[in-house]
Amino acid sequence: MSSNSGSTSNAPLPHQNGLFITGTDTGVGKTIVTAALAAVLRAERPGLSKEVGVWKPVQSGERMGAGRTDAERLVQAAGLTDAPEELCAYTFEAPLAPAVAARLAGVRLTIEAVIASAIPLFQRYGTMLVEGAGGAAVPLTEKELVADLIVKLGMPALIVARSGLGTVNHTLLTIDKLRSMGVTIAGVVLNDGAATATSSCDDPSVNGNAALIEQYSGIPVWGTLPRGLPEHSPAQLAERTRKALDLSALKAALPMAPAAGGADWS
Ligand SMILES: Nc1ncnc2c1ncn2[C@@H]1O[C@H](COP(=O)(O)OP(=O)(O)OP(=O)(O)O)[C@@H](O)[C@H]1O
Ligand SMILES: C[C@H](N)[C@H](N)CCCCCC(=O)O
Ligand SMILES: [Mg+2]
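Here the structure is a predicted model, which is why all the values come from computation and not from measurement. (Residues numbered from 1 in each chain as written. Chains lettered and ligands numbered in written order. Predicted model: local features only at pLDDT ≥ 70, side-chain atom pairs only at ≥ 80, totals over all residues. Heavy atoms only, no water.)

Quick word on the packing of aromatic side chains
Consideration 1: In total, this model carries one aromatic pair according to the counting rule given.
Consideration 2: Where Trp55 meets Phe122, the ring centres are 5.8 Å apart and the plane angle is 85°; that geometry is what we call edge-to-face. Pair noted here: Trp55 is in strand β3 (residues 52-55) and Phe122 is in helix α6 (residues 119-124), with a separation of 67 residues, a long-range link. Like Phe122, Trp55 is buried. (Phe/Tyr/Trp six-rings, centres within 6.5 Å; stacked < 30°, edge-to-face > 60°. Helix = DSSP H or I, 4+ residues; strand = E, 2+ residues; numbered from the N terminus. Buried < 20%, exposed > 50% of the residue type's maximum accessible area, 1.4 Å probe, protein only.)

A short note on the site of ligand 1
Consideration 1: Among the 21 residues in the neighbourhood of ligand 1, the closest are listed as Thr26, Lys30, Arg73, Pro226 and Glu231.
Consideration 2: Residue Val28 places a main-chain N or O atom 3.2 Å away from an oxygen atom belonging to ligand 1.
Consideration 3: A total of 620 Å² of accessible area belongs to ligand 1 in isolation, and the protein chains cover 78% of it.
Consideration 4: Listing elements by their share of the shell around ligand 1, those giving two or more residues are α1 (30-44) and α2 (70-78).
Consideration 5: The leading source of residues in the shell around ligand 1 is α1, at three residues.
Consideration 6: Of the residues belonging to the shell around ligand 1, the class tally is six nonpolar, eight polar and seven charged. (Near = heavy atom within 4 Å. Polar contact = N/O pair within 3.5 Å; in protein donor to acceptor, adjacent residues only side chain to side chain. Areas by Shrake-Rupley, 256 points an atom, 1.4 Å probe, with all protein chains shown as cover. Nonpolar A, V, L, I, M, F, W, Y, C, P; charged D, E, K, R; others polar.)

Notes on the coordination of the magnesium ion (ligand 3)
Consideration 1: The protein atoms that coordinate the magnesium ion (ligand 3) are Thr31 (OG1), Asp70 (OD) and Glu131 (OE), at distances of 2.0 to 2.2 Å.
Consideration 2: Mapped onto the sequence, the donors of the magnesium ion (ligand 3) take the spacing T-x38-D-x60-E. Here Thr31, found in helix α1, pairs with Glu131, found in strand β6 (residues 127-131); they are 100 residues apart in sequence, far enough to count as distant. For the pair Thr31 and Glu131, a shared accessibility class is recorded, and that class is buried. (Donors = N, O, S within 2.8 Å, 3.2 Å for Na, K, Ca; no water.)

Printed below as a string of structure tokens:
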């Protein structure tokens, strides 16, 4: 495990303007979606790109250094200038839920320390995109789930889900869980490129899943991301994302602080 977190105080974050990107499972594409939205937002406000930052509270499953952790992928795909260690203070090598990976590494994770580790990022950026770990009900600490962190941050959530058969059940259950905890849900993004996605040629459900999710939950589906998105080019990633998703709900969920010079959402 590595940690660069200094403080473990209960100091509140400077602001909570942001969006928490959770998912129906691990491997559904939260990292690529988080990077894509950051790339879009940063490109839309040139000169103010430093206003949109990214935070990965805890990551597990890889060692920092080979470019495979979520923090390293986020830096590259979103075109950030932060060091990966600034994006994520808690990295555990075991490919397990954060609470378990931390325990194996001999670290006692607390939600207060996790939040405190983000204070420098929240001071640097006006708006934060936060990528969870796995799904909303994944154990984050010995006492809390990822959903408890969303509640503490007071941010709206975006749910990333597979596009294929099975996603309606997983997405509606995730929506129910978050709603039961009082979390506002800004939308759902379906992803054709999720690690365990079925081929849309063999899956007649993909054409109707977005409508079913909207019908039974009332939550807007922003669209479906295609497979094969590039993680090496923020500009291309932003362009492909703008074409695939209706981002009006993103902008509604992220009221930007008035910018110097009066720039606002275009
Ligand atoms: N639309 C896509 N285009 C190309 N590759 C994709 C796409 N969606 C997902 N992938 C790939 O699928 C894998 C799983 O996606 P990703 O790592 O983003 O999932 P995750 O939800 O962030 O998982 P975790 O819970 O570990 O954070 C990654 O290798 C990613 O690059
Ligand atoms: C290791 C992986 N990449 C994630 N970061 C952690 C996923 C934990 C999932 C736990 C579960 O839902 O059973
Ligand atoms: Mg990820």
